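# Observations on chain architecture
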Amino acid sequence: MPLPPPPSGARVNQADLVVVANRLPVDRVVDASGEETWRRSPGGLVTALEPVMRRADGAWIGWPGQPDIEVEPFEFEGTHLVPVSLSSEEIEKYYEGMSNDTFWPLYHDVIAEPRYRRVWWDTYERVNRRFADAAAAVAAEGATVWVQDYQLQLVPRMLREARPDLTIGYFHHIPFPAYGLYSQLPWRRQVLEGLLGADVIGFQRVADAGNFARAVRRVLRFDTKATGISVPNPDGSTRTALAKAFPISIDAASYVELAQRPEIRARAAEIRAELGNPRKILLGVDRLDYTKGIRHRLKAFGELLADGRVSVDDVTLVQVASPSRERVEAYVQLRDEIELTVGRINGDYDTMGHTAIRYLHQAYPREEMVALFLAADVMLVTALRDGMNLVAKEYVAARVDNRGVLVLSEFAGAADELPSAVRINPHDIDGMKDAIMRAIDMPPAEQGRRMRALRKRVMEYDVARWSRSFLAALEQARSARESRDAEAVTA
Ligand code: GDG
């Protein structure tokens with residue numbers, strides 16, 4: 001689709017449902033004829049919200065993905081897209097700095113050291129204000145606004161101040177840390193106040209919601225009861241914000257559909273053959289990120305080879321590490337370390353015909369990912385900390401044959417929902433080695449038993465159900481407020 005012509009004027013105050021996310025759900029691409037167009041970006045959130053947005057005549061506010069470009073609002077597949085432009089300097093400070101070099105490591109239990117820079121914070125506030133202003137301009141009277149993730153934690157409050165008529169939700173895709181760590185944040189009060197502008201604050205795990213409520217009690221001294229937090233209004237009355245777990249999921253049916261396609265099944269067999277038909281294939285699929293435990297996984301696998309418990313003729317590890325945040329120093333370093341380790345292990349153990357680790361620092365189409373899932377006997381999810389980890393759910397959904405073993409870190413949110421996986425603590429290298437051996441040697445009957453239980457959960461609790469339940473909680477918040485307002489009028 002060609003870039004739409006600039007509209008005669010931005011629509012204002014029209015959408016009944018507004019999503020605010022760091023990124024728009026589209027990527028700007030140049031097609032074969034050299035023309036610039038927009039393409040829907042892959043991803044669960046986009047898929048989940050598309051039907052809802054269509055029905056609600058929704059608007060999506062986000063950055064178009066390239067610095068220093070101004071793009072007018074436009075329609076795309078039934079959704080009104082409102083681009084928020086960011087300069088290169090803002091990307092550096094708000095996104096690479098404050099979001100990915102402060103909040104990301106802090107919220108993942110300080111696996112890497114968070115950097116606290118006041119100029120990053122100033123830009124973060126300014127950019128959050130821009131997103132909030134854009135949402136306030138687009139939302140219809142009494143609309144619902146759903147803010148996504150840690151890049152935009154100040155938006156709920158800014159929005160509530162500008163537009164008290166709105167019902168506001170916020171979903172936090174990453175963990176929320178224990179108070180002992182959270183309290184490091186120089187702006188800990190402002191962030192909590194920002195989030196509490198929402199009526200519903202959603203987290204991946206019950207523990208995240210608990211950590212948040214504890215931080216609110218400690219820093220702001222507000223009362224909390226179960227999932228409710230009493231937030232004082234400017235007029236002295238109080239309202240209740242809901243802080244609760246809404247574990248995100250995937251579009252499971254679309255993985256089943258892909259996994260049943262003959263060409264993808266054929267590709268899975270081809271992948272096995274290309275790897276020299278090893279008896280067992282282990283697979284890791286991650287953004288190249290220090291939270292994912294890739295180094296720990298490589299260490300465990302390297303030791304299994306060194307101990308002679310596995311051999312390269314028999315077992316191959318395929319590691320897809322898709323490029324990520326390549327301008328943030330910690331990620332540059334991590335890539336170097338991983339590639340050094342892979343090189344050493346392969347150098348020590350490869351033969352002419354077999355490799356220990358097939359390492360791929362590339363991003364692949366979804367079809368190829370599903371073929372990999374089907375080719376893999378064991379899926380390794382060894383995150384040191386992870387909000388949910390959708391790859392675990394994708395592997396399970398793709399295993400329509402009820403075979404394969406999921407090895408899953410207890411530090412990934414998915415562990416709460418998938419107790420039939422082989423659980424590991426990735427810090428315990430010996431324990432992880434034993435778990436990998438158990439997965440390699442697991443008899444087909446046990447694989448089937450476990451995989452059926454995993455699939456039951458993932459197929460039932462898909463991403464459509466996730467968005468429905470979050471929006472239903474927002475709907476409840478709206479009616480509670482409306483009846484309170486009505487009572488206030490009659491009183
Ligand atoms: C954050 C939280 C939470 C990866 N490489 C390729 C590719 N992927 C896809 C996976 C999966 C997605 O990217 C990654 O999602 P994860 O959940 O595993 O991890 P994060 O990116 O860190 O996501 C996380 C999530 O938000 C949602 O709330 O679960 O905890 O950190 O869908 O399949 N997809 C394709 N090619 C690749 O090379 N096509």
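Since the model is a prediction, treat every value here as computed from it, not as a measurement.

Attention now goes to the domain arrangement of the protein chain. Under the domain assignment, the protein chain is made up of domain 1 (15-248 + 465-490) and domain 2 (252-460). Here domain 1 and domain 2 have C-alpha centroids that lie 31 Å from each other. Tallying the contact residues gives 18 residues for domain 1 and 23 residues for domain 2. Counting the surface domain 1 buries against domain 2, the share from its top three residues, Trp 104, Ile 111 and Arg 205, is 35%. Summed over the shared surface of domain 1 and domain 2, the result is 3 salt bridges. With its nearest N and O atoms 2.9 Å apart, the salt bridge here joins Arg 385 to Asp 109. Applying the counting rule to domain 1 against domain 2 returns 10 residue pairs in polar contact (both at pLDDT 80 or more). Take the side of domain 1 that touches domain 2: its biggest share by element is 5 residues, from helix α2 (residues 88-107). Of the residues belonging to the side of domain 1 that touches domain 2, the class tally is 9 nonpolar, 4 polar and 5 charged.

The strand order across the open sheet built from 6 strands is β15-β14-β13-β16-β17-β18, with neighbouring strands paired in parallel fashion. Looking at the sheet topology across the chains shown, the edges are occupied by β15 (357-360) and β18 (422-424). Across the sheet, the axes of successive neighbouring strands diverge by a mean angle of 20 degrees, strand direction being ignored. Alignment of strand β16 (residues 378-381) against strand β17 (residues 405-409), held across 4 bridges, turns out to be parallel. Its bridge partner being in β17, Val 378 is matched across the sheet by Val 405. Sheet strands in contact with helix α13 (residues 390-398) are β13 (280-287), β16 and β17, and its direction is about 165 degrees off that of β17. Against the sheet, helix α14 (residues 429-441) engages β13, β14 (315-322), β16, β17 and β18, with an angle of about 165 degrees to β18.

Here the focus is the site of the ligand. Taken together, 20 residues lie near the ligand, and His 173, Tyr 364, Asp 386, Leu 390 and Glu 394 sit nearest. Lys 292 places a polar side-chain atom, nitrogen or oxygen, 3.0 Å from an oxygen atom of the ligand. In the environment of the ligand, a nitrogen atom lies 2.9 Å from a nitrogen or oxygen atom belonging to the side chain of Ser 322. Relative to its unbound accessible area of 730 Å², the ligand is 81% covered by the protein chains.

Definitions and cut-offs
Residues numbered from 1 in each chain as written. Predicted model: local features only at pLDDT ≥ 70, side-chain atom pairs only at ≥ 80, totals over all residues. Heavy atoms only, no water. Domains from an automatic or database assignment. Contact = heavy atoms within 4.5 Å. Buried area = accessible area lost by both parts, 1.4 Å probe. Salt bridge = Lys/Arg side-chain N within 4 Å of Asp/Glu carboxyl O. Polar contact = N/O pair within 3.5 Å; in protein donor to acceptor, adjacent residues only side chain to side chain. Helix = DSSP H or I, 4+ residues; strand = E, 2+ residues; numbered from the N terminus. Nonpolar A, V, L, I, M, F, W, Y, C, P; charged D, E, K, R; others polar. Pairing = 2+ DSSP bridges. Axes fitted to C-alpha atoms, helices over the stretch in contact; angles between N-to-C directions. Near = heavy atom within 4 Å. Areas by Shrake-Rupley, 256 points an atom, 1.4 Å probe, with all protein chains shown as cover.

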